[in-house]
Amino acid sequence: MASRENPTQQREGVGQWALAWRRFKKNPAAIAGLIIVGFFAFLAAFDRLVAPYPPNCVPTPFNPFCTGQYSPLQPPSLAHPFGTDSNSYDVYSQVIYGCRAAFYIGFGATAVAMIVSVLIGLAAGYFGGNTDNLLMRLTEVFLVLPFFLILLLFLKVLYYFSNTGAGGLEIEILIIGLFSWPGNARILRSEVLRVRGLEFIEASRQIGASANRILFRHILPNVLHVLIVLTTLQIAASVLIEAGVSFLGFGDQTVATWGLEFYYGFNYISDAWWVETFPGIFLTLLVMGFNLLGNGLRDALDPRLRE
Amino acid sequence: MSETLLSVEGLRTYFYTYAGVVKAVDGITLQVNKGETLGLVGESGSGKTVTAQSIMRIVPTPGKTIEGTVKFEERNLLRLKESEMQHIRGKEIAYIPQDPTTTLDPVYSVGDQLVEVIMRHQPVSKRYALAKAIELLHSVGIADPEIRINQYPHELSGGTKQRIAIARALSCEPILILADEPTTALDVTIQAQILELLKDLKQKLNVAMVLITHDMGIVADTCDRVTVLYAGQVCETGTTEQVFENPKHPYTEALLSSVPSLALRKETLSVIPGSVPNLIHPPSGCRFHPRCAYSRQVCIDKDPELEPIGEGRFVHCHRWKELDLKSAVAS
Amino acid sequence: MSMTKYLIRRALYLVPVFFGITFLVFSIERLAGDPVKLLTAGQTRVTEEQRQLLRQYFGLDKPVYQQYLLWLSELFTGNLGYAYTTGGGAPVSTLIGQRAVATLELQLLGLAFSLLIAIPIGVMSAKRRYSKLDLAVTNTSLVGTSIPIFFLGIMAILVLSAKTGGLFPYGGLESISPNQYPYGSAILDQLWHLVLPTSVYTFAILAPVVLLVRSSMLEVLRQDFILAARASGLKESTVIYKHGLRNALLPLLTYVGLYFGGLLTGAPITETVFNWPGVGRLFVQAINNLDFPVIQGVVVVITLMTLVANVITDIAYAYIDPRIRLE
Ligand SMILES: Nc1ncnc2c1ncn2[C@@H]1O[C@H](COP(=O)(O)OP(=O)(O)OP(=O)(O)O)[C@@H](O)[C@H]1O
Ligand code: SF4
Ligand SMILES: [Mg+2]
C-alpha cells in the first residue's frame, strides 16, 4: 500500500491543500481565528491612518506633532475613545500602534525559533544516533533553563547601554526566538522519525540522494503541515511573552506596545481602569486569533493530530 | 437443526468522521448456533472487527450502530440498558481483541486484571478470585501461573499475553466468545499452539465462538460454518464444507484461489486485483463490482439482496444462479 | 534499583547544566553595569577612591571568573553571600528563604487547584469526544490559554479587590497591622489574603492543564486495553478512571513537570500583579538595583526548584509505571 512516490508531489484528484482548505472552511472557530488575525493585520498595516495621534506622543506645547492637551489619566471620551494614560498618551492610538509591534514581535521571534527548531528537529530525527542524542540532551537543557529570568537580565544589560532600551525590541525578539525552539524541535523530530520510515524516502536514499536533498526536498515538505501549525501557535506565545516583559518595564520603551501600556497603567489601576483594559482586550484577542487559527489549521491539515 | 444462539440482522454501524461517514458495517446478517464455531472472514477493512464490536456495543467514537437487531438468547442486545449490557459483556459474551500485545493494561499486574473481571461478575472473595485466576492461567497452558500472576504485561511474550487474554475471556464461563484474529499478531509456531488451545477449550467447555480471521486455512481447520464479508456486507454464508466445496459468490471464489495450500497458512489474503473500496463513497450497486470478474450492468445499477438459498446458506450476488464457480481447494 | 541509577545519571547530567546557567547569569549581570555607580549615584560627596573601596569590598574588582569561583566555593558551604542593598545588605539566603515560601505557596496551590478542577473536566471532555460539551470545553480552553495572566489578574483586581472597593485585599501576604485582622486572627487574615491571588492564578493556568488532561486521556482511551476492559463488562467509571486516568497520568506528569518550570520562571509577572512578596518580585527589584548576589541567588533557587520538580516527576512516574519501576 505504501507509495513509492512523494505524497506531497503526487496526489490523485484534488490536492491535499485543497482538501485541507475545505475542512478549514467548515470549522467556525478556525474561520473566526482567521478573521481576527486578518483584522489585526489590517490595523497593523494602516495604523497611521487609523490612529489619531502619533505613537508615544507627549502632548506638550513644544511638540509640533501632537495637538492634544496635556491631560493625564482622562477617562474615555470622544477625543480619547480609550482615555489617556499617565503620560497623557492617547490610549486608543497607543493600542493601534501596538498591533504593528505585536506582528513584528510575533513574526520575528517565531522566525528565529522556527529556523532553529527546523534545523535541530530535522537533524536529530534524520541522522539519529549520537547526533540525535546530543541534540535532544541540549533540548532538555534549554527546557529547564529559567528562560524568562535570563531574558529580563539580558534586557537590563541593554538598558545599561541605551538608557531607554531603544533597539531593545529586536534583541528581545531574538532572545525570545532563541529560547522558544525546544518544544517545537521535539515535535518536528518525532514527525521526521515518522516520515523517514516512509517508503519513498527509503527509496531515494537507496538511489543515493544526498542528505541535504532528502531533508529539504522530501522530508521538509512532508512535515510542512506540522511546521505551519507550530508556527502559528508560536506566534501567539511570543506575543504573550513580550507583553509580559514590557509589563514589567523591561521592554523597549521607544516602541508603543500593549505590554508597555500595561506598565504605564499598573500603578494607577484604581484610578484609571481604561489604561489596562483596552490593551488587554486587544492583546487577548490577537493571541486568541492566532491560537484559534493554529488549532483550525491543525484540524484541517492533519486530522490525525486533532487533539 | 441446532439452536440459534446469536442472530444478527441488518446491522449497520457507521463512523461519523471529519472526512465523511464511513459505512464500516452496512447491513450484516449472521447467525451463530449453540456450541459451534463461526468463521468471519474478509480482507483487512471489511468490517470484521467493527461487527464484533457492534455486537458487544463497544464501538469506539465516532462510530454508532444505527440499525439492525442483535438477538442473543431471545434478547435484543441493542435494546438493553447499558447497565444490563455490562452484565452480558465478559460474563455471557467474551471478546478477545485483535492485538494481544496491547489488550492488557500496562500499569496493572496480570492478577489484578483477571481478579477485576472475576469479581465484577461473580460474588466471590478476592482470595477466591485470585485462586481462580491462577487456575485459569493453568488451564490456558501457562507454566508457573503463580509467578505470572504477579507480573506486568511488559514482562510477558506475545503468546503469553494472548493466553492471558483468552484466560480473561474464559474467566466467567461465557456462552459465546468473539475472538478477533487471535493468531495474526503472533509467530507462526505460537499461532498453531494458540489455535490448538482454542479448539481444545471449545471442546471442553462447549462454548460457541465467532472466529475472526482473514486466513481461509484457519477457517477450514477450526470452523463449522463461515460468513464471508466484503466492504461491510455479507457475501455469503454456509457451512465450511459448502463454502469451500461449492462457493456461490465470486469474492469467495477469489479468496479461495488466493490460498495456495491449506497447509501453508498465509499471513494475508489479497492477491485479488484491486483494493478494498472507500467506505465513505462505496461503489454503486454491488460493492464488489469493480473487482468482480463476472460483473454486468445490473451489478453497477443495483445492490443485490442477501438471498437465502436453503440449508442456512445465503448469497449476496445477482448472478449466483447462472455462475458456475470453481473452488481452488475443493477435494 | 535501577531507579536510583536512573536518578543518579540524571543528576550527573544536570550538574553541568547548573554550572552553565549560573555562569551565564554571572557574566550577563556583570555586563549590565556597575552596581557601585548605581548605589552612589547622585551622592556628590562620594569620591572615586571610596567607590573603588566599595568595589573591593564587594569583590567586583577581581576578574569575572575569579568572582565566579569565589561565589561557587561559598555556595558549597551553603552561603549565598550578602545583598548589596536589598534588605539593608541582609544575607541572600535569608532574603530568599522568606520569599521562596511565598512563591511556592502560590505556585503549588495554583497548580494543585487547577489540576483538581482540570482533571474531571478534561476526562469528561475526552469521554464525550465530539460532543457539544467537548467542543465547548476545547474552545473555552483555547480562549483561556490566550488570556495573559497579568490581564486576568488585573481584571480581577479591578472588579474584586479592596483597591477599587471590592471584597478582597489587594495583594500582599497579610494585613499591615494586627488590628485589621478579621476576628483578630492572623491565620484567617493570611487565608483571606490568599483567596484572590490563588483563585486568579488557578484560573489563569487552568486552560492549558485542561487541554493537557484531555489530550492525554484521548490518547489513552483509544488504546486496545480500554476496549478490552470495556468488553469485560467493567463499569464505565472503572474503565475511565482505574484504567484510563491512571495511564493518562503518565504523559500528564511529564508535561506538568515541564509546565511547573515554566510557571516558576514566570513568577516575576505573577508576583508583580498580586503584589506578592515572592522570589519573582525580589528578582525584579534585584535587577533594577543591580544587586548581583540576589540575582544569582534567585536564579539558583528557581533552577533548583525546577530540577527538584523534575526529579519528583520522575519518581512519581516510576511509581505509577511498572515498566520503569521494575526494569
Ligand atoms: N475509529 C474509527 N474511525 C473511523 N473509521 C473506522 C474506525 N474503526 C474502523 N473504521 C473503519 O471501518 C472499516 C472496517 O474496519 P475493521 O476494523 O472492522 O476492519 P477489519 O475487517 O477488522 O480489518 P483488519 O483485518 O485489518 O482487522 C475500515 O474501513 C476502517 O477504516
Ligand atoms: S453482483 Fe455482480 S458484481 Fe457483485 S459479485 Fe455478483 S456478479 Fe460480481
Ligand atoms: Mg480487525
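Note that the coordinates shown come from a computational prediction; the quantities given were computed from them, not determined experimentally.

Scanning chain B from terminus to terminus reveals 11 helices and 12 strands. What you see for chain B is a C-alpha radius of gyration of 20 Å, in line with the 20 Å of a compact globule of 331 residues. The C-alpha extent of chain B, read off along each of the three principal axes, is 65 × 45 × 40 Å. In chain B, which comprises 331 residues, the proportion classed as buried is 58%. Excluding contacts between residues fewer than 6 apart, the proportion of contacts in chain B whose partners are at least 24 apart in sequence is 65%. With the model as given, the accessible surface of chain B reaches about 13,900 Å², and the carbon-plus-sulfur share is 51%. On chain B, the mean spot of the 35 positive side-chain charges and the mean spot of the 40 negative ones are 3 Å from each other.

This part covers the site of ligand 1. Residue and element names in this part refer to chain B. Taken together, 16 residues sit near ligand 1, with S44, G45, T49, Q98 and E181 positioned nearest. Within the contact set of ligand 1, an oxygen atom lies 2.8 Å away from a backbone nitrogen or oxygen of G45. Between an oxygen atom of ligand 1 and a main-chain N or O atom of V50, the distance comes to 2.9 Å. Out of a free accessible area of 640 Å², ligand 1 has 70% covered by protein chains. Put simply, the parts of the chain that give the shell around ligand 1 at least two residues each are β1 (4-17), β2 (20-33) and α1 (48-56).

Turning our attention to the sheet that holds strand β9 (residues 225-230) of chain B. All names here are of chain B. The 8 strands are arranged β6-β7-β8-β3-β9-β10-β12-β11 in an open sheet whose pairing can be described as mixed. Looking at which strands have only one partner, the edges of the open sheet turn out to be β6 (93-96) and β11 (307-308). Of the pairings in the sheet, the one linking β11 to strand β12 (residues 314-315) comprises 2 bridges and is antiparallel in character. In the strand pairing of β12, E307 is matched with V315. In this fold helix α10 (residues 250-257) packs onto β9 and β10 (233-239), with an angle of close to 105 degrees to the strand it touches most, β9.

For the rest of this paragraph, the subject is the interface of chain B and chain C. Counting from both sides, the interface comprises 27 residues of chain B and, opposite them, 23 residues of chain C. Summing both partners gives a buried area of about 2,400 Å² for chain B against chain C, and 60% of it is carried by carbon and sulfur. By the criterion of area lost to chain C, the three top residues of chain B are V107, Y108 and E116 of chain B, representing 24% of everything that side buries. Between chain B and chain C we count 1 salt bridge in total. The closest approach of N and O atoms between K242 of chain C and E116 of chain B, which form a salt bridge, is 2.9 Å. Our count for the contact surface shared by chain B and chain C stands at 10 residue pairs in polar contact (both at pLDDT 80 or more). When contributions to the side of chain B that touches chain C are tallied by element, the ones reaching two or more residues are α1, β6 and α3 (110-121) of chain B. Tallying contributions element by element places α3 of chain B first for the side of chain B that touches chain C, with 4 residues. Of the residues contributing to the side of chain B that touches chain C, the split by class is 13 nonpolar, 7 polar and 7 charged.

So, on to the coordination of the magnesium ion (ligand 3). All names here are of chain B. Around the magnesium ion (ligand 3), the protein contributes the donor atoms T49 (OG1) and Q98 (OE1), at 1.8 to 2.3 Å from the metal centre. A residue pair is termed long-range when its members are at least 10 positions apart, and T49 in helix α1 and Q98 in the loop between β6 and α3 qualify at 49 residues. Q98 sits in the partly exposed class, given a relative accessible area of 33%.

Turning next to the pairing of β2 of chain B. Inspection of the sheet shows β1 of chain B paired to β2 of chain B by 10 bridges, in the antiparallel sense. Following the sheet pairing, T4 of chain B is matched in β2 of chain B by N33 of chain B.

Reading across the sheet, the 4 strands line up as β2-β1-β4-β5 (chain B) and stay open at both edges, with antiparallel pairing between neighbours. Each end of this open sheet is capped by a strand with a single partner; those strands are β2 and β5 (75-76) of chain B.

Now for a nonpolar patch on the surface. Residue and element names in this part refer to chain C. On the surface, a nonpolar cluster with roughly 460 Å² of combined accessible area is contributed by F113, L116, I117, I121 and F203. Of all the elements, helix α5 (residues 92-127) adds the most residues to the nonpolar patch, at 4 residues. You can see F113 is positioned in helix α5.

Moving on, we come to the interface of chain A and chain C. Residue-level contacts link 44 residues of chain A with 52 residues of chain C. Summing the contributions of chain A and of chain C, the shared interface buries around 4,200 Å²; its carbon and sulfur component is 79%. Linking chain A with chain C are 0 salt bridges, by the criterion used here. Applying the counting rule to chain A against chain C returns 2 residue pairs in polar contact (both at pLDDT 80 or more). Breaking the side of chain A that touches chain C down by element, the ones donating at least two residues are α5 (129-144), α6 (147-162), α10 (211-247), α11 (258-266) and α12 (274-301) of chain A. Grouping the constituent residues of the side of chain A that touches chain C by class yields 30 nonpolar, 7 polar and 7 charged.

Interaxial distance between α6 of chain A and helix α12 (residues 279-288) of chain C falls to 10 Å at its minimum, and their mutual angle equals 20 degrees. As judged from the angle between their axes, α6 of chain A and α12 of chain C are roughly parallel. At the point where α6 of chain A passes α12 of chain C, the crossing takes the right-handed sense. Here α6 of chain A contributes L149, L152, L153 and K156 of chain A to the contact with α12 of chain C, which in turn contributes F283, I287 and N288 of chain C.

Once that is clear, we can look at the confidence of the model for chain B. Residue and element names in this part refer to chain B. Chain-level pLDDT for chain B is 87 on average; 94% of the residues reach the 70-or-more range. Low pLDDT, under 50, characterises residues 261-270; the stretch is placed with 21 contacts to residues that sit more than four places away or in other chains. Model confidence for the complex: the whole-complex pTM is 0.84, and ipTM, which rates the interface, is 0.87.

This brings us to the packing of α5 of chain C against helix α6 (residues 132-146) of chain C. For any two helices packed against each other, one specifies the inter-axial angle together with the distance between the axes. Residues and elements named next belong to chain C. For the pair α5 and α6, interaxial distance at closest approach is 8 Å and the crossing angle is 130 degrees. One element, α5, and the other, α6, form an angle in the oblique class. In this structure, α5 meets α6 at a crossing whose hand is left-handed. Where α5 abuts α6, its residues I121, M124 and S125 lie against L133, D134 and V137. Taken together, the residues that form the contact of α5 with α6 break down as 4 nonpolar, 1 polar and 1 charged.

Rules used in this analysis
Residues numbered from 1 in each chain as written. Chains lettered and ligands numbered in written order. Predicted model: local features only at pLDDT ≥ 70, side-chain atom pairs only at ≥ 80, totals over all residues. Heavy atoms only, no water. Helix = DSSP H or I, 4+ residues; strand = E, 2+ residues; numbered from the N terminus. Rg over C-alpha atoms; globule rule 2.2 N^0.38 Å. Buried < 20%, exposed > 50% of the residue type's maximum accessible area, 1.4 Å probe, protein only. Contact = heavy atoms within 4.5 Å. Areas by Shrake-Rupley, 256 points an atom, 1.4 Å probe, with all protein chains shown as cover. Lys, Arg positive; Asp, Glu negative; His and termini not counted. Charge placed at Lys NZ, Arg CZ, Asp CG, Glu CD. Near = heavy atom within 4 Å. Polar contact = N/O pair within 3.5 Å; in protein donor to acceptor, adjacent residues only side chain to side chain. Pairing = 2+ DSSP bridges. Axes fitted to C-alpha atoms, helices over the stretch in contact; angles between N-to-C directions. Buried area = accessible area lost by both parts, 1.4 Å probe. Salt bridge = Lys/Arg side-chain N within 4 Å of Asp/Glu carboxyl O. Nonpolar A, V, L, I, M, F, W, Y, C, P; charged D, E, K, R; others polar. Donors = N, O, S within 2.8 Å, 3.2 Å for Na, K, Ca; no water. Patch = residues over 30% accessible without salt bridge, like charges linked within 9 Å, V, L, I, M, F, W, Y side chains within 5 Å. Parallel < 35°, antiparallel > 145°, perpendicular 65-115°, else oblique. Left-handed = near helix turned anticlockwise from the far one by under 90°. pLDDT = per-residue confidence, 0-100.

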